[in-house]
Amino acid sequence: MHSNDAQMLVLTVLADRPLHGYAINAAIEQLTGSRLGPGSLYGALSRLEARELIQPVDGAGESAERHRTMQITGAGREVLRAELQQMARVSAAGLRALGATRP
């Protein structure tokens, strides 16, 4: 899985509600049928936090990253919305090309 894919999965599950690392991965598994490896998950969390697309919930403290509850930011919601809209356009074009949908 590409790092951007992992980041989009994290943003997707956090769009619903704040979660901690283990719960994020459980939600991703429920959504996709597979879990992210620890490096992919915590790398995605670090990159998203550095880009200010996610942030710790107030009062989450400075404990180990996997135990911090994270939430999506307004900027994170905008990035996720734009990515999902682009993916929807690509998906629709691909399905049309395969004859799976009508133009």
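Going along each chain's sequence as written, the residues are numbered from 1 onward. Given that the model is predicted, a residue must reach a pLDDT of at least 70 before its local features are reported, and side-chain atom pairs must reach 80 or more before they are shown or counted; all residues, however, enter totals for whole chains, interfaces and linings. Side-chain numbers here rest on the full set of heavy atoms in the structure, without hydrogens or water.

A.B. asks: Can you help me understand the side chain of glutamine 7 in this one?
C.D. replies: We count a stretch as a helix when DSSP gives it H or I for four or more residues in a row; a strand needs E for two or more, and each element gets its number in order from the N terminus. When you line up the elements, glutamine 7 lands in helix H1 (residues 3–14). Pairs of N or O atoms within 3.5 Å make up the polar contacts considered here, provided that, within protein, one atom can donate a hydrogen while the other can accept it, and that residues adjacent in sequence are counted only when both atoms are side-chain atoms. Side chain to side chain, glutamine 7 and arginine 51 meet in a polar contact 3.1 Å long. Setting aside chain neighbours within four positions, we find glutamine 7 in contact with Ala44, Arg47, Leu48 and Arg51. We call two residues contacting when some pair of their heavy atoms lies within 4.5 Å.

A.B. asks: In this structure, what is going on with unusual backbone geometry? I would like to understand it.
C.D. replies: Glycine aside, a negative phi is what most residues show, and trans is what most peptide bonds show. Unusually for a residue other than glycine, glutamate 52 sits at a positive phi of about 60°. Here glutamate 52 lies in the loop between helix H3 (38–50) and strand E2 (54–56). Judged by its relative accessible area of 59%, glutamate 52 falls in the exposed class. Only protein chains enter the accessibility calculation, which uses a 1.4 Å probe. A residue is then buried if its area is under 20% of the maximum for its type, exposed if over 50%, and partly exposed in between.

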